[in-house]
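What follows is the residue order along each chain.
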Amino acid sequence: MSETPRTQSVDTDLAESATTALAPLSDAVEASFVQLSQSIGEELARLSVDGRLSVRGMVDDILQDLARLAAQEIIGRPLQRALGREDSGLAANAVQTLLKRSIRNG
């Protein structure tokens with residue numbers, strides 16, 4: 001079944017009409033995808049920064065905890081023994097207060 005020149009002309013006219021009619025819809029869809037991809041990119045960038053900051057904060061907290069534990073073992077225990085018995089509540093409280101203030105002040 002071969003197409004006649006008239007059939008080809010009708011097909012071409014129909015394709016051109018459809019293209020013209022759908023052009024605004026095509027432009028709207030394209031603009032929506034561009035906006036969506038920009039929004040996704042911005043959100044991924046924000047999450048990346050937030051993630052790095054939360055990991056950095058967690059690492060800082062862990063390092064502070066390790067410094068506190070090291071200070072308690074290296075300074076606290078000997079100081080408690082020097083002030084009195086290790087199980088003495090007064091000596092333990094005094095050492096804890098000193099350590100907290102020194103860690104807070106750097």
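Cut-offs and rules
Each chain carries its own residue numbering, running from 1 in the direction its sequence is written. Given that the model is predicted, a residue must reach a pLDDT of at least 70 before its local features are reported, and side-chain atom pairs must reach 80 or more before they are shown or counted; all residues, however, enter totals for whole chains, interfaces and linings. Computation of side-chain values: all heavy atoms of the structure, hydrogens and water removed. Strands are runs of DSSP state E lasting at least 2 residues, helices are runs of H or I lasting at least 4, and numbering of each runs from the N terminus. Note on areas: Shrake-Rupley with a 1.4 Å probe; residue coverage comes only from the protein chains shown. In this analysis, a patch consists of residues with relative accessible area above 30% that form no salt bridge, clustered at 9 Å for like charges and at 5 Å for the nonpolar side chains Val, Leu, Ile, Met, Phe, Trp and Tyr. When a carboxyl oxygen of Asp or Glu lies within 4 Å of a side-chain nitrogen of Lys or Arg, that pair is called a salt bridge. Classification of residues uses two cut-offs on accessible area relative to the type maximum, computed with a 1.4 Å probe and protein chains only: under 20% is buried, over 50% is exposed, and between them is partly exposed.

Novice: Looking at this structure, I do not really get the overall build of the protein. What am I missing?
Specialist: A tally of helices and strands in the protein yields 2 helices and 0 strands. Per element, the accessible surface of the protein, about 8,800 Å² overall, is 61% carbon and sulfur.

Novice: Help me understand a nonpolar patch on the surface, please; the structure alone is not making it clear to me.
Specialist: On the surface, L22, L25, V29, F33, L36, I40, L44 and L47 cluster together into a nonpolar patch covering about 780 Å² of accessible area. Structurally, I40 is set in helix α1 (residues 5–83). Residue class for I40 comes out partly exposed when judged on its relative accessible area of 44%.

Novice: Would you explain the pattern of salt bridges in this entry?
Specialist: Pairing is possible between side chains that carry opposite charge, provided their charged atoms lie close to one another. Within this structure, the stated rule accounts for 1 salt bridge. Across the pair E43 and R46 runs a salt bridge whose closest N-O atoms are separated by 2.4 Å. On the criterion of helical spacing, the pair formed by E43 and R46 is a turn pair, its members being 3 residues apart in helix α1. Residue class for E43 comes out partly exposed when judged on its relative accessible area of 36%. Classification of R46 by relative accessible area gives partly exposed; the value is 39%.

On their own, these measurements won't tell you what the molecule is for.
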